[in-house]
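The lines below spell out each chain.
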Amino acid sequence: MVQSNVRRVGVGAPGNGVGERAQASVDVVASPRIELPQYETIALMLQGGGALGAYQAGVYQGLEEAGIRPNWLAGISIGALNAAIIAGNAPEHRVARLSEFWETICQPAFGIPIPAAIEDTLFNVHDDVRKSFTAFQAASAIINGQNGFFVPRFPPSAFHSTGNPQTASFYDTRPLKATLERLCDLDRINSAEVRVSVGAVNARTGNFAYFDNTRIPLRAEHFIASGALPPGFAAVEIENEYYWDGGLMSNTPLYEVLQATPRRDTLAFQVDLWSATGPVPSDLSEVMGRVKDVQYSSRTRLVTDLLQRTQHFRRVVRELLERLPAGSEKDRWYELAQEVSCDKRYNIIHLIYRDKEYEGHYKDYQFGISTMREHWRTGLADTRRTLQNRDWLDMPINDLSFVTHDIHRDD
């Protein structure tokens, strides 16, 4: 029997057909409202990962129920699309809009979808059945595309004939533009009520770019460009330049947030969809999946270590400046040192999706409804577990003024 202080984790309204087996495995005490220290920036940083992005929606729901509302959303690829849905709606509607977005794109673009009750039954029969079923759904994404997201090009693009960069891909993402414009209020996004930054790669120069609503008005195209992973999706034209998925170069927006100036006391929730740690693969399918994990997750670890060392140097410079004799501030070198010094504090909370036993190398394009709901529940459960550690939300008081937390690492 579930106790009264434990909530069922669901997507949207109760009674959505979620299976009891999967449901019971993630019952976690819901977070009460939390009063945070006076952080100047509360950032939600969303990594790319395709269909795994439903995990991020669950994380956001967990933050919302605890009363934690980020004032900076930074995303890449599917993280950019989730950021658009969040920033493009009033706070009280965000979870419902995220649910509508994911329930939409997790249906096949063509053909009759499997009824939810049948899909859920197949999904929860046995892990071997689940593996076969999810493989079928991944194949469906390749053949049929996904509703409100992408459809196969017809006729297909030719490999060797010169054409338009906007059609040089296997799939057409024009349905995604209509979906974003239906579910997002772009005027709200561009009011900069919440800062929004989404990363993409310039297909001509190879340079990384962030589209930021504090610098330019954002359109649906900016978010689509952040997720335009070639050769599946074509480059998106913005101001006479063409852009691809930011995950080609850096799949985490962590650096963009923590190196921003002027520096601020920051609480950052870094939501990763690929885990750097995992078992050594024993067959080719596992090898393909593990390669994606390493490729798309390692930069988070690298950037975190780099920023921690940088913060250490800035803090040391700050302490040295405070020990110099009066009058030193007139020295040119003092002024230069003051520019690089820092007394701000950074608290990074990692929420990292962990693979399920039934998932294959196609997990980033397996858009099944049942899988999506389980990803969502997992994100919500991980967030609730994380927020039970209330001291993790405190301002850092160590010598570095920089801390990181991760429930999986601590496990």
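Residues numbered from 1 in each chain as written. Predicted model: local features only at pLDDT ≥ 70, side-chain atom pairs only at ≥ 80, totals over all residues. Heavy atoms only, no water.

Visitor: Whenever I open this one, the state of the cysteines confuses me. Can you help?
Guide: Tallied over the full model, the rule gives zero disulfides. Cysteine Cys106 shares no disulfide, and the gap to the nearest cysteine sulfur, in Cys184, comes to 16 Å. (Disulfide = S-S within 2.5 Å.)

Visitor: Would you explain the nonpolar core in this entry?
Guide: Here is a general trend for soluble globular proteins: nonpolar side chains tend to be buried in one another's company. Judged by nonpolar contacts, the single largest core of 71 residues is most densely connected at Leu44, Ile68, Trp102, Leu180, Phe223 and Phe269. Among the elements that take part in this core, helix 3 (residues 78-87) stands out by supplying eight residues, more than any other. Not counting residues up to four positions away in its chain, the partners in contact with Trp102 are Gly50, Ala51, Gly53, Ala54, Ala57, Ile78, Asn82, Phe367, Met372 and Trp376. Grouped together as the second largest cluster of nonpolar side chains are 15 residues, Ala74, Leu258, Ala260 and Ile348 included. (Core = buried A, V, L, I, M, F, W, Y, C linked by side-chain atoms within 4.5 Å. Buried < 20%, exposed > 50% of the residue type's maximum accessible area, 1.4 Å probe, protein only. Helix = DSSP H or I, 4+ residues; strand = E, 2+ residues; numbered from the N terminus. Contact = heavy atoms within 4.5 Å.)

Visitor: What exactly am I supposed to notice about the packing of aromatic side chains here?
Guide: The geometry of an aromatic ring pair is captured by the separation of the ring centres together with the interplanar angle, meaning the angle of the planes. Overall, the coordinates contain 13 aromatic pairs when judged by the stated rule. Ring geometry for Tyr55 against Tyr353: centres 5.5 Å apart, planes inclined by 70°, an arrangement best described as edge-to-face. Highlighted residues: Tyr55 in helix 2 (residues 54-65) and Tyr353 in the loop between strand 12 (346-352) and helix 13 (369-387), separated in sequence by 298 residues. Owing to a relative accessible area of 1%, Tyr353 belongs among the buried residues under this scheme. On the basis of an interplanar angle of 40° and a centroid distance of 5.4 Å, the ring pair of Trp274 and Tyr296 is categorised as tilted. Note that Trp274 is positioned in the loop between strand 11 (266-272) and helix 11 (284-322) and Tyr296 in helix 11, a separation of 22 residues in sequence. Residue Trp274 is classed as buried on the basis of its relative accessible area of 3%. Put simply, the rings of Phe149, Phe150, Tyr171, Phe233 and Phe367 touch in pairs and so form one group of aromatic residues. The side chain of Arg195 reaches across the aromatic face of Trp72, ending 3.9 Å from its centre. (Phe/Tyr/Trp six-rings, centres within 6.5 Å; stacked < 30°, edge-to-face > 60°. Lys NZ or Arg CZ within 6 Å of the ring centre and 35° of its normal.)

Visitor: What is the right way to read the pairing of strand 3 (residues 41-46) from this model?
Guide: Two faces belong to every sheet, and in a regular strand the side chains alternate between them. The element strand 3 is largely enclosed, with a buried count of six among its six residues. Burial along strand 3 is two-sided: the face carrying Thr41, Ala43 and Met45 and the face carrying Ile42, Leu44 and Leu46 are both buried. When strand 3 meets strand 11, the two strands line up parallel, connected through six bridges. Residue pairing across strands places Leu46 opposite Val271, the latter belonging to strand 11. (Pairing = 2+ DSSP bridges.)

Visitor: Mind showing me how you'd approach helix 2 here?
Guide: Residues lying three or four places apart along an α-helix face the same way, a consequence of the helix completing one turn every 3.6 residues. If you check helix 2, its first and last C-alpha atoms are 17 Å apart, about what 12 residues at 1.5 Å a residue would give, namely 16 Å. With respect to burial, helix 2 is a largely interior element, 12 of its 12 residues being buried. Within helix 2, the full set of buried residues consists of Ala54, Tyr55, Gln56, Ala57, Gly58, Val59, Tyr60, Gln61, Gly62, Leu63, Glu64 and Glu65. Just downstream of helix 2, Gly67 is the residue with a positive phi angle, here 80°. (Expected span 1.5 Å × (residues − 1).)

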